[in-house]
Amino acid sequence: MRSGRGLPDLVAGLPRSCAALAYAEEQHAGQRRKVDGSPFITHPIEVGLLLYDAGASDDVIAAGVLHDTIEKGDTDTAELCRRFGTRTAALVAAVTEDEHINGYATRKAALRRQAEAAGPDALMVFAADKVSKVRELSVERPGSEAETQSRTRQRRLTHYRHCLEMLERHLAESPLVRQLRAELEARAAVPVRHPALADAV
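Conventions and cut-offs
- Residues numbered from 1 in each chain as written.
- Predicted model: local features only at pLDDT ≥ 70, side-chain atom pairs only at ≥ 80, totals over all residues.
- Heavy atoms only, no water.
- Salt bridge = Lys/Arg side-chain N within 4 Å of Asp/Glu carboxyl O.
- Helix = DSSP H or I, 4+ residues; strand = E, 2+ residues; numbered from the N terminus.
- Buried < 20%, exposed > 50% of the residue type's maximum accessible area, 1.4 Å probe, protein only.
- pLDDT = per-residue confidence, 0-100.
- Contact = heavy atoms within 4.5 Å.
- Axes fitted to C-alpha atoms, helices over the stretch in contact; angles between N-to-C directions.
- Parallel < 35°, antiparallel > 145°, perpendicular 65-115°, else oblique.
- Left-handed = near helix turned anticlockwise from the far one by under 90°.
- Polar contact = N/O pair within 3.5 Å; in protein donor to acceptor, adjacent residues only side chain to side chain.

1. So, the pattern of salt bridges
Close approach of charged atoms lets side chains of opposite charge pair. Within this structure, the stated rule accounts for 17 salt bridges. E183 serves as the salt-bridge partner of R135, at 3.0 Å between the closest nitrogen and oxygen. In this pair, R135 sits in helix α9 (residues 120-136) while E183 sits in helix α11 (residues 175-187), placing the two residues 48 residues apart along the sequence. Residue classification places R135 among the partly exposed residues on the basis of a relative accessible area of 24%. Look at E183 and you get buried, because its relative accessible area is 14%. One continuous salt-bridge network, built from bridges that share partners, spans R16, D59, R87 and D121.

Spelled out as C-alpha cells, the structure:
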C-alpha cells in the first residue's frame, strides 16, 4: 500500500474505482470471510490495492474491487455494465466462476481457461485475487475438522499453483505474478516449480 493510505484515498482521482468501491461495500454488506471472520470487503479492497500498486488503470482497479460481486452479491453482468461500462463488466465476468459446473477441480480449470482467454487485463485481476487468497491461508483459524481443513487447503494450493503456471506463461514480468510466486513459496510445503523446469521433468 502506498504511503500507508487506504484504497479510498488512493483512488480519489479514479471515478470508476471510487464508484466500484461504494458499490462493492453495498454488495458485500454483512458478509464475513470464512478464514478469520473479518468483513468480506477486506478481500476486494486488498485486490484493488494490489492492482493500484501494479499500475493498473481505473477500469481494471474497478474490476478488481468488483470481482466477487456476481458470485457473492446480488448483481449480474448486465447491471455492472450499466453502472461501470462494458470493459469493467467484461473483466469481472472473465474472473467469475460458472457455478453450474460441478466439481471443484473441473470448475477451477474452467475458470483458469476463461481468464486466460480474456487477455492481460483480466489476468491482472485474476493474479491480484490469487495473491490475496494465498495470503488468507496464513490467517485461517483452526477448525474442529482438522483433516478436512488440511484436504481443503491442499486442494486450494493445487489450484493456486496451476494459476501461477498459467499466469507465468502470459504475465511473467508482472509484479503481481512475482508476488503470487513468493506468497505460494512462503506457504507451500515444497517450492513451486517454474514452468520451464516443469516442462523438463
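2. Focus: the confidence of the model for the protein
Summary statistics for the protein give a mean pLDDT of 89 and a share of 86% for residues scoring 70 or more. Scored below 50 in pLDDT, residues 195-201 makes 5 contacts in the model with residues more than four places away or belonging to other chains.

3. Thoughts on helix α7 (residues 86-94)
At 3.6 residues per turn, the α-helix brings residues three or four places apart onto the same side. When α7 is considered as a whole, its buried residues turn out to be T88, A89, L91, V92 and A94. Against α2 (15-27), α4 (58-66), α5 (69-72), α6 (77-84), α8 (104-118) and α9 lie the buried residues of α7.

4. Digging into the packing of helix α3 (residues 42-53) against α4
At a closest axis distance of 7 Å, the pairing of α3 and α4 adopts a crossing angle of 160°. Classified by the interaxial angle, the pair formed by α3 and α4 is roughly antiparallel. Pair α3 / α4 crosses with right-handed handedness. Counted together, P44, V47, G48, L51 and Y52 of α3 and V60, I61, G64 and V65 of α4 form the full contact between these two elements.

5. Some points on the side chain of D129
Mapped onto the elements, D129 comes out in helix α9. Its relative accessible area of 10% is what places D129 among the buried residues. Engagement of the side chain of D129 in a polar contact is seen with the side chain of H67, the distance being 3.1 Å. Within polar-contact distance, the side chain of D129 engages the side chain of K130 at 2.6 Å.

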